[in-house]
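# Report on the structure
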Amino acid sequence: MNKSTFISEPVGETTDVEVWLARAGLKFADLGKDAISAAIRRQWREYQAAVYKCCILLHLPPEAVQLSDVYTHLRIPVVAATHFEINI
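Described in the following lines is the structure provided in the data block. Model, not experiment: these values are computed from the prediction.

Under the criterion given, the structure shown has 2 salt bridges. For Arg23, the salt bridge identified is with Glu13, shortest N-O distance 3.3 Å. Of this pair, Arg23 sits in the loop between helix H1 (17-22) and helix H2 (35-58) while Glu13 is found in the segment before H1, placing the two residues 10 residues apart along the sequence. The exposure classification of Arg23 matches that of Glu13, with both residues buried. Connected through salt bridges with shared partners, the residues Glu13, Arg23 and Arg75 form a single ionic network.

In structure tokens form, the structure reads like this:
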């Protein structure tokens with residue numbers, strides 16, 4: 001495998017919504033006022049709360065922690081691709 005084209009799984013967490021959305025191949029501009037966008041925004045708030053809690057408990061910056069166990073599902077935005085429309 002060519003290491004220059006290999007993209008690994010994100011290691012640490014982020015406080016940047018654009019970075020978080022990029023994990024699912026999205027941009028902030030892709031979000032609208034539909035139910036899927038609302039669910040993604042709600043997941044972002046849950047993700048940020050979990051990251052903040054970990055950072056406080058571990059005394060580490062977001063980049064140095066990684067959510068796991070019951071919080072793993074928050075790391076990457078959940079998108080139902082068949083229902084999500086991207087406005088171009």
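Once you've had a look at it, read on.
With that out of the way, let us pick up H2. With 24 residues, H2 extends 34 Å between its outermost C-alpha atoms, agreeing within 8% with the 34 Å of an ideal straight helix rising 1.5 Å per residue. Here H2 has its buried residues at Ser37, Ile40, Gln43, Trp44, Tyr47, Ala50, Val51 and Cys55. Turning to H2, the residues buried within the fold contact H1. The opening residue of H2, the one whose side-chain oxygen lies 3.0 Å from the backbone nitrogen of Ile36, is Asp34. Directly after H2, the chain includes His59, whose backbone phi takes a positive value near 55 degrees.

Attention shifts here to the packing of aromatic side chains. Scanning the entire structure with this criterion turns up 3 aromatic pairs. Here a set of aromatic residues connected by ring pairs shows up, and it is made of Trp20, Trp44 and Tyr47.

Within the secondary structure, Val65 sits in the segment after H2. In sequence terms Val65 and Gly12 are 53 residues apart; their C-alpha atoms lie 5.3 Å from each other. Leaving out residues up to four positions away in the same chain, Val65 has contacts with Val11, Gly12, Glu13, Cys54, Cys55, Leu58 and Leu60.

The rules we used
- Residues numbered from 1 in each chain as written.
- Predicted model: local features only at pLDDT ≥ 70, side-chain atom pairs only at ≥ 80, totals over all residues.
- Heavy atoms only, no water.
- Salt bridge = Lys/Arg side-chain N within 4 Å of Asp/Glu carboxyl O.
- Helix = DSSP H or I, 4+ residues; strand = E, 2+ residues; numbered from the N terminus.
- Buried < 20%, exposed > 50% of the residue type's maximum accessible area, 1.4 Å probe, protein only.
- Expected span 1.5 Å × (residues − 1).
- Contact = heavy atoms within 4.5 Å.
- Polar contact = N/O pair within 3.5 Å; in protein donor to acceptor, adjacent residues only side chain to side chain.
- Phe/Tyr/Trp six-rings, centres within 6.5 Å; stacked < 30°, edge-to-face > 60°.

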